[in-house]
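# Architecture at a glance
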Amino acid sequence: MNATDVDIHCHLDGVWVSRHRATGFVGTPMWLIINLQMEGSSGAPGPSGDTYYRARNVYVGRNRAW
């Protein structure tokens, strides 16, 4: 994006789904958190037992725009 900011593009199953603008990210560490939220607007609580969220073929890459 520029010398201090980056755009983060997210794809799911090869389809672009979102873009996030990250200000001041250049030269700082980045942590990737993969989170499956189990509660929400449904009004029901999440599962009462163990649940598993599996992710495979997760790729984090970088393309320079300039």
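Each remark here, short or long, concerns the structure printed above.
Below is a summary of the structure that appears in this document. Just so we're clear, the structure is a prediction, and the values are computed from it rather than from any experiment. (Residues numbered from 1 in each chain as written. Predicted model: local features only at pLDDT ≥ 70, side-chain atom pairs only at ≥ 80, totals over all residues. Heavy atoms only, no water.)

### Topic: the overall build of the chain
Along the backbone of the chain there are zero helices and two strands. Going through the 66 residues of the chain one by one, you find that 3% of them count as buried. For the chain, the share of sequence-separated contacts (at least 6 apart) that also reach a separation of at least 24 residues comes to 14%. Looking at the chain as shown, the accessible area adds up to about 6,500 Å², and 52% of this sits on carbon and sulfur atoms. (Helix = DSSP H or I, 4+ residues; strand = E, 2+ residues; numbered from the N terminus. Buried < 20%, exposed > 50% of the residue type's maximum accessible area, 1.4 Å probe, protein only. Contact = heavy atoms within 4.5 Å. Areas by Shrake-Rupley, 256 points an atom, 1.4 Å probe, with all protein chains shown as cover.)

### A short note on the side chain of Asp5
Tracing the backbone shows Asp5 in the segment before strand E1 (6-12). Among buried Asp, Glu, Lys and Arg side chains, Asp5 stands out as unpaired, with Arg21 the closest opposite charge at 6.4 Å. Side chain to side chain, Asp5 and Thr4 meet in a polar contact 3.1 Å long. Separated by 2.9 Å, the side chain of Asp5 and the backbone nitrogen of Gly24 make a polar contact. Beyond its immediate sequence surroundings of up to four residues, Asp5 is in contact with Ala22, Thr23, Gly24 and Val26. (Lys, Arg positive; Asp, Glu negative; His and termini not counted. Salt bridge = Lys/Arg side-chain N within 4 Å of Asp/Glu carboxyl O. Polar contact = N/O pair within 3.5 Å; in protein donor to acceptor, adjacent residues only side chain to side chain.)

### A look at the pairing of E1
Relative to strand E2 (residues 15-22), E1 runs antiparallel, the two being bridged by seven bridges. Counted as the bridge partner of His9 is Arg19 from E2. Where E1 folds back on E2, the antiparallel hairpin that results is connected by two residues, among which Asp13 adopts a positive phi of roughly 55 degrees. (Pairing = 2+ DSSP bridges.)

### Details of the pattern of salt bridges
Taken as a whole and assessed by the stated rule, the structure comprises two salt bridges. Between Arg19 and Asp7 there is a salt bridge, and its shortest N-O distance comes to 3.8 Å. On the criterion of sequence distance, the pair formed by Arg19 in strand E2 and Asp7 in strand E1 is long-range, its members being 12 residues apart. Exposure remark for Asp7: the relative accessible area of 28% places this residue in the partly exposed category. Members of the salt-bridge network, linked through shared partners, are Asp7, Arg19 and Arg21.

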